[in-house]
Amino acid sequence: MRALLVCLMFASAAVLPADAQVVAPPRPVRIVENFLPHRATYDLKLKSARWASTITSLQGRLVSEFDDVCAGFTFNQRLVTDFVDSEGKASSGNFWVSSYESADGRSYRFSLNNIVDGSPVERTQGSAERRADGTATASFVMPSGKSAELPSGTLFPTEFSGHIVAAAREGRRSSSGKLFEGDAEGVVYDAFAAIGSERTASAADLAVPGGERLRGLKAWPVTVTYFLPGQEDAPPEYETSFILYENGVTSDVTLDYGDFAMKATLKRIDPLNAPGC
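As the structure is a prediction and not an experimental result, all values here were calculated from the model.

About the cut-offs
- Residues numbered from 1 in each chain as written.
- Predicted model: local features only at pLDDT ≥ 70, side-chain atom pairs only at ≥ 80, totals over all residues.
- Heavy atoms only, no water.
- Helix = DSSP H or I, 4+ residues; strand = E, 2+ residues; numbered from the N terminus.
- Buried < 20%, exposed > 50% of the residue type's maximum accessible area, 1.4 Å probe, protein only.
- Contact = heavy atoms within 4.5 Å.
- Areas by Shrake-Rupley, 256 points an atom, 1.4 Å probe, with all protein chains shown as cover.
- pLDDT = per-residue confidence, 0-100.
- Polar contact = N/O pair within 3.5 Å; in protein donor to acceptor, adjacent residues only side chain to side chain.
- Salt bridge = Lys/Arg side-chain N within 4 Å of Asp/Glu carboxyl O.

This paragraph deals with the overall build of the protein chain. Tallying secondary structure elements over the protein chain gives 2 helices and 14 strands in all. Within the span of the protein chain, comprising 277 residues, buried residues form 44% of the whole. Counted over contacts in the protein chain with a minimum sequence separation of 6, partners at least 24 positions apart contribute 51%. Carbon and sulfur atoms form 53% of the exposed surface of the protein chain, whose accessible area is close to 15,200 Å².

Structure below.
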């Protein structure tokens, strides 16, 4: 999903005194700055499976695309897997998510599809709008007619990522927030990011096609844990670990869903055209 934005701007002229100063309006605050518009490709494999897991083997490909379209940011991610369950049955999965988040963080549009062996198991589509008091309402096209109220301070994914980078740059070791990703039940996760010590790009990351865009950048190991609201003492719903670069690129990714975990290894970075905002 890409947002096509057409902006029409009109200006009127006035005659100013010779000594008058023209003061430029303040630049609008954006939820992230200096994130690289790019497409990142990863190889997927099974990292671990607990004794109760139904997954015994897994491989696949993950492609993530982040773009700056001036008025906001788009994110598209597709995860394609081939896996074998504990009974030896081979299956294929196709999961993709698309979103648009306005540059001021007030609007969020999302679409999620999860298909296994050609049959849809989950489909979600909708939008969320944040009000002046910080609360927000999510409205769904799928499931049809459903809506959910989101608590004050709820963040959307791009802004949450920006908060993590800002915290890391300031030398803080953690960042947290209430996070809405587009869950069909309107779930707002309590998300906690643990931030490790600053480092530079690894030789492996620099060696991939496009890896030169990481040279000289700061990076941090990050683990984000997602809990259901008020259940921080219970096991998390899921957890992600990765190396986060200050330009928003990630590498060395682990997706941990509890009974099994997947490892995503960065294979290439394709920069997208920088916006002429």
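Turning to the confidence of the model for the protein chain, a few remarks are in order. Taken residue by residue, the protein chain gives an average pLDDT of 89. The fraction at 70 or more is 90%. In this model residues 1–27 is a low-confidence stretch, pLDDT under 50, and it forms 18 contacts with partners more than four residues away in sequence or in other chains.

Next up on the list: the side chain of Ser-91. Considering the arrangement of structural elements, one finds Ser-91 in strand β4 (residues 90–102). Classification of Ser-91 by relative accessible area gives buried; the value is 11%. Within polar-contact distance, the side chain of Ser-91 engages the side chain of Asp-117 at 3.1 Å. Other than its neighbours up to four places away in sequence, Ser-91 contacts Thr-81, Asp-82, Phe-83 and Asp-117.

Here the focus is the pattern of salt bridges. Applying the stated criterion to the full structure yields 13 salt bridges. A salt bridge links Arg-30 to Asp-68; the shortest N-O distance between them is 2.9 Å. One end of the pair, Arg-30, is in the segment before β1 (38–49); the other, Asp-68, is in strand β2 (residues 55–68), and 38 residues separate them in sequence. Summarising the burial analysis for this pair, Arg-30 and Asp-68 share the class buried. Among the ionic pairs, Glu-65 bridges to Arg-39, the shortest N-O distance being 2.9 Å. With a gap of 26 residues between them, Glu-65 in strand β2 and Arg-39 in strand β1 connect regions that are remote in the sequence.

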